[in-house]
Amino acid sequence: MNEDIRIHSWPCSYYLDTSKQWVSGRLSLTPVAIKFTADKTGELLVNFHLSSISEIKKESSNLIFSSLTILEKSTKHWFSSLQPNRNVVFNILEHFWREQLLSSQGAGAEAAALQSTKGKELTGLLTGSQKRLEDTAKVLHYQGEQFDNIMRGLNKIEGDMDVADRLLTELESPSWWPFSSKLWKAPLETKPKETATVSDSKNQEGIVIRIPVIITHRTDSNVKPGKLTLFASGLEISDCNSQVIHRFESKDVDDIRVHTPYEISVRQRFIGKPDTSYRLLSAKMPEVIPILEMQFSKKIQFLEDALGFAGARKSPQVDLGTSIWQAATGLLGGVVQPSSPVGSREGVDNDQVQLQKQAKISQEEAKELKQILQKLKGLALETEAELERQDEALDSITTSVDRATLTIDKQNRRIKKLT
């Protein structure tokens, strides 16, 4: 992620201690830093890392002006005349500051990065890939359950149409036909069970991912902190007390716009009344966008400021998948090769030694990488099998719908003849 990308900027005034005066300009927030640029001179007067902040407070300057103060190491920076208002700027700055401290890129991240080994980098990379694959598996599992519910519904429809066929046959038969009383005995038996099945699958739905967010409703200038929870069936926005503000089912979402890698908007359109729209800002949003893109591929739109993020993320993703499979094949080849005797560790040991030489990693890191790769391979095989099953289910659904359509057309013609 580009650390120079501008997440937000606000017009404001900054108190310049050297000249004892307020200077108008723009306060800017990037993923890792806070900057202030003067309007008249274009000079960068403030530029410090988020991890160097020890406190952010709302204060008053000269007992009149409402201000925002940021304590950076031993220096106190004063900002006033913030637009649209001080609360908006405070909530956003505090959110990114706290997330920076909680993340592995907090205080001392630069020093830690210099000391990290190649093995730790590979472990972090593969662990992230494993998390994304697990999230994908959750979504696919829910979609599979939906396909199963559709199939059960279609089977019930076919049963109902069989009943309708028998009733129509009786109506078409002469009055002297002796078996008419038996044709009426076809009760509907599965309705309560279907309702219970659907509700049970709804209650068993799991959370894909949950992140803290800053929430803006429609075009309101006020913002408030909350949470975004992503389910396989949709997404939910709640406040800090976990009280649900709004839940979007997948079918309710009309479009998702990615404004920046850290900010999205979700909208549901209505005819005759205002749309339901929420704008969500979060330091953790880059982790959610790939999942949203998979779930809402036809509804998500990357705006100009986010196009670079989308392009930079998609191309390495293919290379990442290739490298994972190459590493998994090389690392696990000794286990699955037929030429190696059962129980032999020679192939695996050679692969580990070769991996250590190439990447300069320790033996413990090599073992950890091997375990992650094994999990990745298992998840990938399960995902592939589920996709194949869903393809077969989709073909069956299409066939059943076509068959039901033909049957309904025939029954409509029979009903017209009777009337």
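Definitions and limits used
- Residues numbered from 1 in each chain as written.
- Predicted model: local features only at pLDDT ≥ 70, side-chain atom pairs only at ≥ 80, totals over all residues.
- Heavy atoms only, no water.
- Helix = DSSP H or I, 4+ residues; strand = E, 2+ residues; numbered from the N terminus.
- Buried < 20%, exposed > 50% of the residue type's maximum accessible area, 1.4 Å probe, protein only.
- Contact = heavy atoms within 4.5 Å.
- Areas by Shrake-Rupley, 256 points an atom, 1.4 Å probe, with all protein chains shown as cover.
- Pairing = 2+ DSSP bridges.
- Axes fitted to C-alpha atoms, helices over the stretch in contact; angles between N-to-C directions.
- Phe/Tyr/Trp six-rings, centres within 6.5 Å; stacked < 30°, edge-to-face > 60°.
- Patch = residues over 30% accessible without salt bridge, like charges linked within 9 Å, V, L, I, M, F, W, Y side chains within 5 Å.
- Salt bridge = Lys/Arg side-chain N within 4 Å of Asp/Glu carboxyl O.
- Lys, Arg positive; Asp, Glu negative; His and termini not counted.
- Charge placed at Lys NZ, Arg CZ, Asp CG, Glu CD.

S.K.: So what exactly am I meant to see when it comes to the overall build of the chain here?
M.R.: Helix and strand counts for the chain stand at eight helices and 15 strands. When burial is assessed residue by residue, the chain has 38% of its 419 residues classed as buried. Across the chain, every contact between residues at least 6 apart in sequence was considered, and the portion connecting residues at least 24 apart equals 52%. Counting only carbon and sulfur atoms, one obtains 53% of the accessible surface of the chain, whose full area is about 24,500 Å².

S.K.: Please explain the sheet that holds strand β15 (residues 300–302) as it appears in this structure.
M.R.: Hydrogen bonds between backbone atoms are what pair the strands of a sheet, whose relative direction is either parallel or antiparallel. Strand order in the open sheet formed by eight strands is β11-β10-β9-β8-β14-β13-β12-β15, with mixed pairing between adjacent strands. Two strands close off the open sheet at either side, each with one partner strand: β11 (244–249) and β15. Taken pair by pair, the neighbouring strands of this sheet meet at an average axis angle of 30 degrees, ignoring direction. Looking at chain direction, strand β13 (residues 263–268) and strand β14 (residues 276–281) are connected through six bridges and run antiparallel.

S.K.: Is there a simple way to think about the environment of Gly-25 in this case?
M.R.: The residue Gly-25 is located in strand β2 (residues 21–29) in this model. Residue classification places Gly-25 among the buried residues on the basis of a relative accessible area of 3%. Put simply, Gly-25 and Thr-41 are 16 residues apart on the chain and 9.5 Å apart in space, counted from C-alpha to C-alpha. Excluding anything up to four places from it in sequence, Gly-25 contacts Trp-10, Pro-11, Cys-12, Phe-36, Thr-37, Ala-38 and Asp-39.

S.K.: Please explain the packing of aromatic side chains as it appears in this structure.
M.R.: Within a pair of aromatic rings, the relevant descriptors are the distance that separates the centres and the angle that separates the planes. Applying the stated criterion across every chain yields a total of six aromatic pairs. Each ring, one from Tyr-14 and one from Phe-36, has its centre 5.3 Å from the other, and the planes form 40 degrees; the classification is tilted. Residue Tyr-14 is found in strand β1 (residues 8–16), and its partner Phe-36 is found in strand β3 (residues 33–38); the two are separated by 22 residues along the sequence. We classify Phe-36 as buried; its relative accessible area is 0%. Ring-pair connections join several aromatic residues into one group, and the members of that group are Tyr-14, Phe-36 and Phe-79.

S.K.: When you look at the side chain of Thr-276 in this model, what are you seeing that I'm missing?
M.R.: Note on placement: Thr-276 falls in strand β14. For Thr-276, a relative accessible area of 13% gives the class buried. Those residues within four positions of Thr-276 in sequence are excluded, and the remaining contacts are His-246, Phe-248, Val-266, Arg-267, Gln-268 and Phe-270.

S.K.: Quick question: what am I supposed to make of unusual backbone geometry here?
M.R.: Residues apart from glycine generally show negative phi values, whereas peptide bonds are mostly found in trans. With an omega of 5 degrees, the peptide bond running from Gln-83 to Pro-84 counts as cis. When you line up the elements, Pro-84 lands in the loop between β7 (75–80) and α1 (86–102). In the Ramachandran plot, Lys-73 falls in the positive-phi region, its phi being about 55 degrees despite a non-glycine side chain. Its location among the elements puts Lys-73 in the loop between β6 (65–72) and β7. Judged by relative accessible area, Lys-73 falls into the exposed class, the value being 63%. One non-glycine residue with positive phi stands out, namely Ser-81, at about 55 degrees. Mapped onto the fold, Ser-81 is located in the loop between β7 and α1. Owing to a relative accessible area of 45%, Ser-81 belongs among the partly exposed residues under this scheme.

S.K.: Mind showing me how you'd approach a positive patch on the surface here?
M.R.: Taken together, the side chains of Lys-410, Arg-413, Lys-416 and Lys-417 present a region of like positive charge at the surface. If you trace the backbone, Lys-417 turns up in helix α8 (residues 363–418). The exposed category is assigned to Lys-417, whose relative accessible area is 76%.

Honestly, that's just the spatial picture; any functional story needs more than this.
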